[in-house]
Amino acid sequence: MMPFPAIIVTMTTPEVVLRGITVAFGSNIALNAVTLSFPPGSRNAVVGENGAGKSTLMRALFGLIQPDAGDVLLGGKPQRFSSPADAIASGIGMVQQHFELIPSFTVAENIVLGAEMRRGILLDKQGAESTVRNLAEKSGLPIDPSVRVAELSIAAQQRVEILKALYRNARILILDEPTASLAPSEASELWAATRRLSVTGTTIIFVTHKLDEVMAEADFVTVLRRGEKTFSSPVSQTAPEQIASAMVGGKTGLNIPIDNKVITPGGTRLHLEKLSVNNHRGSISVVEASLTVRAGEIVGLAGVDGSGQRELIEAVVGLRRSDRGEVSLNGIDISDWSIEARRNAGIAYIPEDRHQRALVLSFSCEENMILGRQRETTFSRKSGILNKTAIQAFFADRIAAYDVRGAEIGVPVRSLSGGNQQKLVLARELSRDLSLVAVMQPTRGLDFAAAAFVHNALRRERDRGVAVLFQSLDLQEILALSDRIAVMLSGRIVAILSRQEANETLLGQLMTGVVAS
Amino acid sequence: MYELISAALRLASPLALTALGGVVSERSGIIALHLEGVMLTGAFVAAAAAKATGNAIIGLFFGAIAGGMIGLLHAFLTQRLKTPHMLSGVGINLAALGMTTFALRQSSDLYESAPQIAPVVIVLLAALGAILVSFALSRTTVGLRLKSCGENPVAARSAGIPVVRLRYEASFFSGILAGTGGAALSLVGLGAFTENMTAGRGYIALAAVIFGKWSPIGAVGAACLFGLGDALQVTMQTLGWATILPPDLLTLLPYAITLIALTLFRGGVAPHALGIIDGDDS
């Protein structure tokens, strides 16, 4: 190891205290009076499910958002960060999930930008490069300062972001899900660097939902759940089970009604046989997943965000090519079928992002009602001319059946509320003969009443003999809606449970890998 | 041959100055579709000021300043009012054509010759401008910051760079360069302003920016190519080709070269955030 220069070791890092931090987005309380402290030179993990408020808390500490109540204290002194520039000036650095780098600039140019080394009006490139080279060596973050960032791997770009913070003398370094897009070997290099930094007194705060990282890499762990701190302890005195149950346990907030109807599923509709899918970056995101969904049952995919659920469902509906293995529908291999062929064979898809993938916001309600179905003979003549009368009749009938409020002919679908937009999507996708409905995050962003409506609509499909496969990050929704539950972890289906066997604690442990099935 | 080259340089230098202005504007993130309007305004104001003061250098100065003001207007429209860059550019060009034509018809004395500037002055100014812009973009702090605004304004802002202010400055300086290019049209040779004097040279300069891959030297090189096409056309006319080919067809040559060059041109990357209207004007 290189000896660290004395100046860095003797620089003091103030203790960070977050006192009663409250952040509300409209009526939604993202953080509720969270109080936390991070001792100098410690390594701290902040964990929680999606939407627990981890990133919001970090953004508040970095001045990206201003808390509605509460204080950030550094060394006991209250701070007011109106922008990241203030936080940086106080020695706080943050590496966000989406890097803020300029691909056409070199590593050194990216790092010094805004705080350049100069000789008169000239940019001191040699000085910048040698400073960056020194900094990289001292902090154990190897990088060639003269190379262009466009040519770097994700892991190397992350090192550039960390060096950017260190160049600005960050003594408190926030890393938001730092290993989310790293290979295991890259992640271990990153952790080694954070250990070296903490030895020199830099406080490390990282957000994660991987429990093994918490156990191995943190001195202290804090768990957030629905905007509240539910657990905080030194890691040496903590068992992983405690963290898992603090993440998912203890019911609060909305209670989604559970329907305990006993189902009698029919024959196999969808079958996945050792399906493997690569993501757009070429790394494997679904690994040899085998799963059967039968007629008249709802199967829920549980897992922390990014465990491969999205890629699995996209491979089923045809948005993504499977790389190995087989997708079959009613016993026929459809792995090579187009999206349209799959739709015609009876697969409906309700995506997570209504605005991007399910609706054309500027089109009228009735146009959206037949979007993707416009070629059906009911809606258009052979000549390709739309049959307005038939479309309007279909529209009127469906909005009544699905209780879509505010939907009128000629009104852009943009003007509908989120819940009613989702109802319109359901009305379109479910009003035909189906074998399988694939749904991502069926109630994301919906209020309680709309969510209940969506759940009932999916149950109605099940009861008329359709197979339903859905994915949700909300365990309560998984437990409320599923007849069987498949748990995904790192692209693999690690467990398939009946609803009777499942509970939040068990699912939480399976999802995070605390217990194997 | 010597005459052809000197004619090429003389015709290329206004284009080169304007193209340099285009590079500065686009590297900061503002689409330089307004160059035609900047040139035309520069040409008009320069002729009027030279006429009024009897001094061509003063004319050149006012032409440059007028160009800078149009640059500021384009920055104001795109950065403050969030007008789409294309729309702002076309609007400025149409307005400049209308205003200069109207003003010209109101003041008939502008048809008479104003004091002139020697072509060599403009050639030297263009060469100086090329060195200056090239040096500033590649070697200075302000150049690095300007490029960061065109590539990733979000990253630039989080590094503490005042993106919008820097773009105003870039657009002003860009207008000075293009305004000088316009002034050269009316102060060299003819020594007077004529209706729609630029006849699309601002667009040709923008083509030179793209053909030159947004580098100052590349843009000046492309401008020289187009200048050569123009000179060739003039030479062919004087050599009597006009009796074989219709003169209008010969006049087409520089524009045809522009079209062919842009068709053949592949590769080169525009500044990443060029023309993007962002939500923050801090």
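Here the structure is a predicted model, which is why all the values come from computation and not from measurement. (Residues numbered from 1 in each chain as written. Chains lettered and ligands numbered in written order. Predicted model: local features only at pLDDT ≥ 70, side-chain atom pairs only at ≥ 80, totals over all residues. Heavy atoms only, no water.)

1. Quick notes on the overall build of chain A
Then, in step 1: Tallying secondary structure elements over chain A gives 18 helices and 22 strands in all.
Then, in step 2: Taking 517 residues into account, the globule formula puts the C-alpha radius of gyration at 24 Å, and chain A, at 26 Å, falls close to it.
Then, in step 3: Dimensions of chain A along its principal axes, counting C-alpha atoms only, are 80 × 55 × 45 Å.
Then, in step 4: The buried share among the 517 residues of chain A stands at 54%.
Then, in step 5: Taking the intrachain contacts of chain A between residues at least 6 apart in sequence as the baseline, contacts between residues at least 24 apart amount to 68%.
Then, in step 6: Element-wise, carbon and sulfur atoms account for 51% of the exposed surface of chain A, whose accessible area totals about 21,900 Å².
Then, in step 7: Counting 55 positive and 54 negative side-chain charges, chain A places the centres of these two groups 2 Å from one another. (Helix = DSSP H or I, 4+ residues; strand = E, 2+ residues; numbered from the N terminus. Rg over C-alpha atoms; globule rule 2.2 N^0.38 Å. Buried < 20%, exposed > 50% of the residue type's maximum accessible area, 1.4 Å probe, protein only. Contact = heavy atoms within 4.5 Å. Areas by Shrake-Rupley, 256 points an atom, 1.4 Å probe, with all protein chains shown as cover. Lys, Arg positive; Asp, Glu negative; His and termini not counted. Charge placed at Lys NZ, Arg CZ, Asp CG, Glu CD.)

2. Digging into helix α2 (residues 35-53) of chain B
Then, in step 1: Taking 1.5 Å of rise per residue, 19 residues should cover 27 Å, and α2(B) covers 26 Å from first to last C-alpha, within 8% of that figure.
Then, in step 2: A positive phi of about 75 degrees marks B:Gly54, the residue just after α2(B). (Expected span 1.5 Å × (residues − 1).)

3. Considering the pattern of salt bridges
Side chains bearing opposite charge may pair, as long as their charged atoms lie close to each other.
Residues and elements named next belong to chain A.
Then, in step 1: Inspection of every chain in the model, using the stated rule, returns 27 salt bridges over all chains.
Then, in step 2: A salt bridge links lysine 423 to aspartate 403; the nearest nitrogen and oxygen atoms lie 3.7 Å apart. With a gap of 20 residues between them, lysine 423 in helix α15 (residues 418-430) and aspartate 403 in the loop between α14 (388-401) and α15 connect regions that are remote in the sequence.
Then, in step 3: A relative accessible area of 8% means that lysine 423 is categorised as buried. (Salt bridge = Lys/Arg side-chain N within 4 Å of Asp/Glu carboxyl O.)

4. Considerations on the interface of chain A and chain B
Then, in step 1: With 17 residues of chain A at the interface, the matching set in chain B holds 17 residues.
Then, in step 2: Contact between chain A and chain B buries roughly 1,500 Å² in total, counting both sides, with carbon and sulfur atoms accounting for 61%.
Then, in step 3: Where chain A touches chain B, the interface holds 1 salt bridge.
Then, in step 4: Between A:Glu116 and B:Arg145 there is a salt bridge, with its nearest N and O atoms 2.6 Å apart.
Then, in step 5: Where chain A meets chain B, there are 7 residue pairs in polar contact (both at pLDDT 80 or more).
Then, in step 6: Taken together, the residues of the side of chain A that touches chain B break down into 9 nonpolar, 2 polar and 6 charged. (Buried area = accessible area lost by both parts, 1.4 Å probe. Polar contact = N/O pair within 3.5 Å; in protein donor to acceptor, adjacent residues only side chain to side chain. Nonpolar A, V, L, I, M, F, W, Y, C, P; charged D, E, K, R; others polar.)

5. Describing the sheet that holds strand β2 (residues 28-38) of chain A
Backbone hydrogen bonds are what pair the strands of a sheet, in a parallel or an antiparallel way.
All names here are of chain A.
Then, in step 1: A sheet is described by the order of its strands in space; here 4 strands give the open sequence β2-β1-β4-β5, paired in antiparallel fashion. The open sheet terminates on both sides in strands that have one partner only, identified here as β2 and β5 (77-79). Within this sheet the neighbouring strands show an average axis-to-axis angle of 30 degrees, counted without direction.
Then, in step 2: Across 5 bridges, the pairing between strand β1 (residues 16-25) and strand β4 (residues 69-74) is antiparallel. Each bridged residue has a counterpart across the sheet, and for valine 16 the counterpart in β4 is leucine 74.
Then, in step 3: Across the face of the sheet, helix α2 (residues 54-61) comes into contact with β1, β2 and β4 while running at roughly 115 degrees to β1. (Pairing = 2+ DSSP bridges. Axes fitted to C-alpha atoms, helices over the stretch in contact; angles between N-to-C directions.)

6. A word on a nonpolar patch on the surface
Residues and elements named next belong to chain B.
Then, in step 1: Among the surface-exposed residues, Leu239, Trp241, Ile244, Leu245, Leu249 and Leu252 lie close enough to one another that they form a single nonpolar patch of about 620 Å² accessible area.
Then, in step 2: Looking at the secondary structure, you find leucine 252 in the loop between α11 (247-251) and α12 (253-264).
Then, in step 3: Owing to a relative accessible area of 46%, leucine 252 belongs among the partly exposed residues under this scheme. (Patch = residues over 30% accessible without salt bridge, like charges linked within 9 Å, V, L, I, M, F, W, Y side chains within 5 Å.)

7. Structural notes on the domain arrangement of chain A
Residues and elements named next belong to chain A.
Then, in step 1: Segmentation of chain A into domains returns domain 1 (16-248), domain 2 (267-346 + 434-517) and domain 3 (356-432).
Then, in step 2: The C-alpha centroid of domain 3 is placed 26 Å from the C-alpha centroid of domain 2.
Then, in step 3: Both sides of the domain 2 and domain 3 interface together cover about 1,300 Å² of buried area, and 56% of this is carbon and sulfur.
Then, in step 4: The largest per-residue losses of area from domain 2 upon contact with domain 3 belong to Arg343, Leu434 and Phe453, which jointly make up 44% of the total buried on that side.
Then, in step 5: The interface formed by domain 2 and domain 3 contains 3 salt bridges.
Then, in step 6: Notably, a salt bridge pairs arginine 357 with glutamate 314, separated by 2.9 Å at the nearest N-O pair.
Then, in step 7: Contributing elements (two or more residues each) for the side of domain 2 that touches domain 3: α11 (339-344) and α16 (448-463).
Then, in step 8: It is α16 that provides the largest number of residues to the side of domain 2 that touches domain 3, a total of 6 residues.
Then, in step 9: The residue inventory of the side of domain 2 that touches domain 3, partitioned by class, reads 9 nonpolar, no polar and 6 charged. (Domains from an automatic or database assignment.)

8. Thoughts on the packing of aromatic side chains
All names here are of chain A.
Then, in step 1: All chains considered together, the criterion is met by 6 aromatic pairs over all chains.
Then, in step 2: Stacked on the ring of phenylalanine 453, the Lys or Arg lysine 423 has its end atom at 4.6 Å from the ring centre.
Then, in step 3: For the cation-ring pair, arginine 460 lies above tyrosine 402, with the distance from its terminal atom to the ring centre recorded as 5.8 Å. (Phe/Tyr/Trp six-rings, centres within 6.5 Å; stacked < 30°, edge-to-face > 60°. Lys NZ or Arg CZ within 6 Å of the ring centre and 35° of its normal.)

9. Side note on the sheet that holds strand β19 (residues 436-440) of chain A
Residues and elements named next belong to chain A.
Then, in step 1: Ordered in space as β18-β19-β20-β15-β21-β22, the 6 strands form an open sheet in which the pairing is mixed. Lying at the two open borders of the sheet, with one neighbouring strand each, are β18 (347-350) and β22 (492-498). For this sheet, the mean inter-axis angle between neighbouring strands, taken without regard to orientation, is 15 degrees.
Then, in step 2: Pairing geometry for strand β21 (residues 484-489) and β22, over 6 bridges, is antiparallel. Bridging from a neighbouring strand, methionine 488 pairs with isoleucine 493 of β22.

10. Comments concerning the pairing of strand β12 (residues 228-234) of chain A
Residue and element names in this part refer to chain A.
Then, in step 1: As paired elements, strand β11 (residues 220-225) and β12 share 6 bridges and run antiparallel to each other. Residue pairing for β12: leucine 224 is matched across the bridge by lysine 229.
Then, in step 2: Between the end of β11 and the start of β12, which pair antiparallel, lie 2 residues, with arginine 226 showing a positive phi angle near 50 degrees.

11. What to know about the environment of A:Ile162
Then, in step 1: Tracing the backbone shows A:Ile162 in helix α6 (residues 154-167).
Then, in step 2: When residues no more than four places from it in sequence are discounted, the contact partners of A:Ile162 are A:Val95, A:Leu141, A:Leu173, A:Leu175, A:Leu190 and A:Leu197.

12. Quick notes on the side chain of B:Thr140
Then, in step 1: Its place among the elements puts B:Thr140 in the loop between α5 (119-139) and α6 (141-151).
Then, in step 2: On the accessibility criterion, B:Thr140 (3% relative accessible area) is buried.
Then, in step 3: What B:Thr140 contacts, discounting residues up to four positions off in sequence, is A:Ile121, A:Leu122, A:Leu123 and B:Phe135.

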